[in-house]
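In case you want the letters, here they are:
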2 protein chains.
Amino acid sequence: MQPLRNFKELASHLKEAGLRKKIAVVCADDPETEYAVTRALKEGFADFVMVGDKDRLAQYPALSEFADRIEIVDIKDSDEAARHAVALAREGKVDVLMKGIINTDNLLRAILNKETGILPKGTLLTHLTAAEVPAYHKLIFFSDVAVIPYPTLEQRVQMIEYDLDTVRKFGIEQPKVALIHFTEKVNPKFPNSVDYKTIVEMASEGRFGNALIGGPMDVKTACDLHSAKVKHIESAVCGDADLLIFPNIESGNTFYKTLTLFGKAEVAGILRGPKVPVVLPSRSDSGLSKYNSLAMAVLSA
Amino acid sequence: MQPLRNFKELASHLKEAGLRKKIAVVCADDPETEYAVTRALKEGFADFVMVGDKDRLAQYPALSEFADRIEIVDIKDSDEAARHAVALAREGKVDVLMKGIINTDNLLRAILNKETGILPKGTLLTHLTAAEVPAYHKLIFFSDVAVIPYPTLEQRVQMIEYDLDTVRKFGIEQPKVALIHFTEKVNPKFPNSVDYKTIVEMASEGRFGNALIGGPMDVKTACDLHSAKVKHIESAVCGDADLLIFPNIESGNTFYKTLTLFGKAEVAGILRGPKVPVVLPSRSDSGLSKYNSLAMAVLSA
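Residues numbered from 1 in each chain as written. Chains lettered and ligands numbered in written order. Predicted model: local features only at pLDDT ≥ 70, side-chain atom pairs only at ≥ 80, totals over all residues. Heavy atoms only, no water.

## Focus on the overall build of chain A
Within chain A, the regular secondary structure consists of 12 helices and 11 strands. For 301 residues, the compact-globule estimate of 2.2 N^0.38 gives 19 Å, and the C-alpha radius of gyration of chain A, at 19 Å, lies within 12% of that figure. Principal-axis analysis of the C-alpha atoms places the extent of chain A at approximately 60 × 40 × 30 Å. Expressed as a percentage of its 301 residues, the buried residues of chain A come to 61%. Partitioning the contacts of chain A with sequence separation of at least 6, the portion at a separation of at least 24 is 70%. Here chain A has roughly 12,200 Å² of accessible surface; of this, 49% comes from carbon and sulfur atoms. (Helix = DSSP H or I, 4+ residues; strand = E, 2+ residues; numbered from the N terminus. Rg over C-alpha atoms; globule rule 2.2 N^0.38 Å. Buried < 20%, exposed > 50% of the residue type's maximum accessible area, 1.4 Å probe, protein only. Contact = heavy atoms within 4.5 Å. Areas by Shrake-Rupley, 256 points an atom, 1.4 Å probe, with all protein chains shown as cover.)

## Concerning the pairing of strand β7 (residues 176-180) of chain A
Residue and element names in this part refer to chain A. Among the five residues in β7, five count as buried, and that is most of the element. Of the two faces of β7, the one holding Lys176, Ala178 and Ile180 and the one holding Val177 and Leu179 are both buried throughout. Handedness of the crossover joining β7 and strand β8 (residues 212-217) through helix α8 (residues 191-204): right-handed. (Right-handed = clockwise from strand over helix to strand, strands pointing away.)

## Comments concerning unusual backbone geometry
At the junction of Gly215 of chain A and Pro216 of chain A, the peptide bond is cis and its omega measures out at 0° in the coordinates. Following the sequence through the fold, Pro216 of chain A ends up in strand β8. Ser143 of chain B connects to Asp144 of chain B through a cis peptide bond whose omega is -10°. Of note, Cys27 of chain A is a non-glycine position whose phi angle comes to about 55°, a positive value. With respect to the helices and strands, the residue Cys27 of chain A is situated in the loop between β1 (21-26) and α2 (31-43). Positive phi values are uncommon outside glycine, yet His232 of chain A reaches one of about 55°. Tracing the sequence through the fold places His232 of chain A in the loop between α10 (225-230) and β9 (243-245).

## Thoughts on the interface of chain B and chain A
Residue-level contacts link 38 residues of chain B with 38 residues of chain A. Regarding the contact of chain B and chain A, the summed buried area is about 3,400 Å², with carbon and sulfur atoms giving 69% of it. Together, Phe182, Lys220 and Phe262 of chain B form the three largest contributors to the area buried by chain B at its contact with chain A, with a combined 21%. Inspection of the chain B/chain A interface yields two salt bridges. Our count for the contact surface shared by chain B and chain A stands at five residue pairs in polar contact (both at pLDDT 80 or more). No other element matches the 11 residues that helix α11 (residues 249-261) of chain B contributes to the side of chain B that touches chain A. In the side of chain B that touches chain A, the residues fall into 19 nonpolar, 10 polar and nine charged. (Buried area = accessible area lost by both parts, 1.4 Å probe. Salt bridge = Lys/Arg side-chain N within 4 Å of Asp/Glu carboxyl O. Polar contact = N/O pair within 3.5 Å; in protein donor to acceptor, adjacent residues only side chain to side chain. Nonpolar A, V, L, I, M, F, W, Y, C, P; charged D, E, K, R; others polar.)

In short, shape yes, function no, at least from these values alone.
Below you can see the structure in the form of structure tokens.
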């Protein structure tokens, strides 16, 4: 397949490939989630199980138009709704989970529950964002802006593996991965830079399959060839990165917020690690972003 | 004075206020520095002492046009040139220092030298950037993207004081300061957030004079009122921040690089702490950015 360079191409691809998944949405009663669910129904790539207070859902116009593709499970208590949706995923009855207006912590608690949850033992929970930015020639993927504040080397390796799995589903056969830092120097004073060196070595030994991994380097070197040339940094990743791995949550979150606010980016995001991809939007995400996230989750599932 | 909202207004202000300073430039032989120096001469807010290899400077067309406003000190060795320029600052013969193509570390060594340098004992060296971003209604100032990787509480307080001094010179009487983190929660697991709480308390006790300080908050909350409202965060800083203080160099650097590459920002930057402001551009900075930095340094000196 051709690499998907933006969210429009993602939606077209789902249609052409005939991908269609079942999604459980927990407590969907905000206009942004309604927009995302309705548009996904129209595009045809998702059917839904709406778990939550039925009276609040009654306002959805899509409920009548797509009645045969929406199942409603009426549960008033949001914690109970979360547990029910997670159980559906555990039993293989849904392929994707999505958070409505329940608190993130409450849904995560149900996902992480050792007995009734859906995170296999020893598995990392990590967040992957995809962004469509007017000033870049393709999608930029990046981790982790939400879940793991300060990944260990082992966690970072697992994070990159999950991320590459999704990035490859976007048709990118040989993803280019930039390990982000504030300078290109490896320095024991900055342990992340030392971990990066190890990861680059692991990549050259084939640990991550068909992928190019470079770093440490800064955001501009990763995404702008001119900046890399000025600094005399030679890496096939420079100026053409698909995936950025951030050193900590402060820098990842700053990238996310700056890109959406000042770079006019559209974004999508999913949690990987659990048995099914989870769409976990933040409170200030737009309806379009929630819709893009659904499409990304369906592709990844 | 009216607040200066962009770099054009800064240049006009320097002209109207008749500000004119003497600047020593160390090893100026790149086209970007030439552009900055020539334009500053034309605008009339700076005279220059060029310290470096005279043969390399001979190409500057401005050398003949503005011969009476440029003094040349012919020193071939770059370390010696750095020491000479620093001595000029120490003796009060110049008001600003600027780096040409010498390595940052070499110029810093001369500045930091305990006997012959210009950093008073017990004084912090910190970097302040100003950015003009199409998607924001005024200049955004931020620290520290270059010098202090992980500021202590004491260092951060001093950093904010320096920054406020410069921000106020831009005509902003009551600067709004956002202490940046990835969430608005104060949590002992994230020591910066605890320091931020202390700083907000110090601000309410008048430690920073006429300024509004809020945080922890993320970049979007600081610069976009809608995002703050969605999160029910109430602070006079939200959506209208003048100055962003970043938790660490990874996040500060990420903001700088993302803002310039994807947000199409024009930037200026100076070092504060030494006896005179220092313009210390990075290798990939444009001529315009170096020129803006000169103007910012002249205003701050």
